[in-house]
Amino acid sequence: SIMRGYVKQIDSLNTLNIKLTSVLDETNTKLTETTTERDTYKKDAEQKTEQLKKGAKLQAYGFKSEALRMKLNNTTEPTTKAKNAIQMRSSFTIGENQIASSGRKAIYLQIIAPSGEILQSKANYVMDTENGQQAFSDKKDIDYNNQAIDLTIYYDLKGQEVGKGNFKVRVYCEGQLIGTDSFTLK
C-alpha cells in the first residue's frame, strides 16, 4: 500500500511536470516573440531617428564667395587679384527647415587656400564635426526660427598674404557640412 501511494504520487508529479514543461515552453515562445518584436521596434525607431536627424540638417545655398580689396575711400569691393585681397566674404542663404530645432546656432565658415591650408583668424578656432575636430576661418551666431535666412560671413586676412589659385569654401552648422562653394584668385 505504501508503494501504491508512492506510484500515485510519482504519477501526479509526472503529470504536473509535463504541465509545467508545457507552460515553460509556451512562455519561452512568447518571450522569443516579444524579444523579436522589441528588436524590430527598436530598429525602426533608430531608423526613424536617423531619418529625422538627416531631415533636421540645415542646407545652405545661393553662395557668392569672393575676395575684397580696399578702395581709396575706405570701402571694399570684390577683386580677383590675390595681391589686392584684404578680406574674404561668403554670402549664402540657410534654407527653411520645419524639422530642425530653432534657436541660437553657430555657423562656421572654413576657407581652404589652394595650398590646402585652412585660413584661421585665431589658432584656437576649432570646431567639432562628424569627421572629428577641424579648424575654421570665422563664425557667426544666428537666431534660427525655421525660416530661410540670408547670411554673410567675413574673414579678415589681417595682412596675411594669400596665393593665387582656387579657394574652397565650406559652411558648417552643428558639426555638419551644410554647403560648399569656391572662388579663384589670380
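1. Here's the deal with the overall build of the protein
- Secondary structure assignment for the protein yields 1 helix and 11 strands.
- In terms of overall dimensions, the protein is more spread out than a globule: its C-alpha atoms have a radius of gyration of 32 Å, far above the 16 Å expected for 186 residues.
- Based on the C-alpha atoms only, the size of the protein along its principal axes is roughly 125 × 35 × 25 Å.
- Each of the 186 residues in the protein was classed as buried or not, and the buried ones make up 31%.
- When the accessible surface of the protein is split by element, carbon and sulfur atoms take 50% of a total near 12,500 Å².
- Between the mean site of the 27 positive side-chain charges and the mean site of the 23 negative ones, the protein shows a separation of 5 Å.

2. Section: the pairing of strand β2 (residues 76–79)
- Sheet analysis places strand β1 (residues 60–70) next to β2, joined by 4 bridges and oriented antiparallel. Within the sheet, the bridge partner assigned to Leu68 lies in β2 and is Pro78.
- The turn linking β1 back onto β2 is made up of 5 residues, and Asn74 within it adopts a positive phi angle of 60 degrees.

3. Here's the deal with the nonpolar core
- Membership of the largest hydrophobic core comes to 29 residues, with the highest contact counts inside it found for Met88, Phe92, Ile94, Ile107, Leu119, Val162 and Phe167.
- Breaking this core down by element, the ones donating at least two residues are β1, β3 (87–94), β4 (103–112), β8 (138–144), β9 (149–156), β10 (165–173) and β11 (176–185).
- Top contributing element to this core by residue count: β10, with 4 residues.
- Each residue touching Ile94, except ones within four places of it in the same chain, is listed here: Leu58, Gln59, Ala60, Tyr61, Ile107, Ile142, Tyr144, Gln147, Ala148, Ile149, Leu151 and Ile178.
- Residues Ala106, Tyr125, Phe136 and Tyr172 belong to the second largest nonpolar core, which totals 6 residues.

4. Re the pattern of salt bridges
- Scanning the entire structure with this criterion turns up 5 salt bridges.
- Measuring nitrogen to oxygen at the nearest pair gives 2.6 Å for the salt bridge that ties Arg89 to Glu66. Linking Arg89 in strand β3 with Glu66 in strand β1, this pair joins segments that are 23 residues apart in sequence.
- Given the relative accessible area of 11%, Glu66 is considered buried.
- Members of the salt-bridge network, linked through shared partners, are Lys64, Glu66 and Arg89.

5. Side note on a nonpolar patch on the surface
- Where nonpolar side chains cluster on the molecular surface, the patch consists of Ile2, Met3, Tyr6 and Ile10 and spans about 480 Å² of accessible area.
- Positionally, Ile2 belongs in helix α1 (residues 2–55).

6. Observations concerning empty space enclosed by the protein
- Evaluation of the coordinates by the stated rule reveals 1 cavity of 30 Å³ or more.
- Lining the largest cavity, in full, are Ala56, Lys57, Leu58, Cys173, Glu174, Gln176 and Ile178.
- Per-class residue counts for the lining of the largest cavity are 4 nonpolar, 1 polar and 2 charged.

7. A short note on the packing of aromatic side chains
- With the rule as written, the count across this model stands at 4 aromatic pairs.
- Ring pairs connect the aromatic residues Tyr108, Tyr125 and Phe136, which therefore count as one cluster.

8. Looking at the environment of Leu157
- With respect to the element layout, Leu157 can be found in the loop between β9 and β10.
- Between the alpha carbons of Leu157 and Lys43 there is a distance of 49 Å; along the sequence they are 114 residues apart.

Rules behind the numbers
- Residues numbered from 1 in each chain as written.
- Predicted model: local features only at pLDDT ≥ 70, side-chain atom pairs only at ≥ 80, totals over all residues.
- Heavy atoms only, no water.
- Helix = DSSP H or I, 4+ residues; strand = E, 2+ residues; numbered from the N terminus.
- Rg over C-alpha atoms; globule rule 2.2 N^0.38 Å.
- Buried < 20%, exposed > 50% of the residue type's maximum accessible area, 1.4 Å probe, protein only.
- Areas by Shrake-Rupley, 256 points an atom, 1.4 Å probe, with all protein chains shown as cover.
- Lys, Arg positive; Asp, Glu negative; His and termini not counted.
- Charge placed at Lys NZ, Arg CZ, Asp CG, Glu CD.
- Pairing = 2+ DSSP bridges.
- Core = buried A, V, L, I, M, F, W, Y, C linked by side-chain atoms within 4.5 Å.
- Contact = heavy atoms within 4.5 Å.
- Salt bridge = Lys/Arg side-chain N within 4 Å of Asp/Glu carboxyl O.
- Patch = residues over 30% accessible without salt bridge, like charges linked within 9 Å, V, L, I, M, F, W, Y side chains within 5 Å.
- 1 Å grid on protein atoms, 1.4 Å probe; cavity = no way out; pocket = protein on both sides within 12 Å on 5 of 7 lines; lining within 4 Å.
- Points joined across faces, edges and corners; volume = space filled by probe spheres on them.
- Nonpolar A, V, L, I, M, F, W, Y, C, P; charged D, E, K, R; others polar.
- Phe/Tyr/Trp six-rings, centres within 6.5 Å; stacked < 30°, edge-to-face > 60°.

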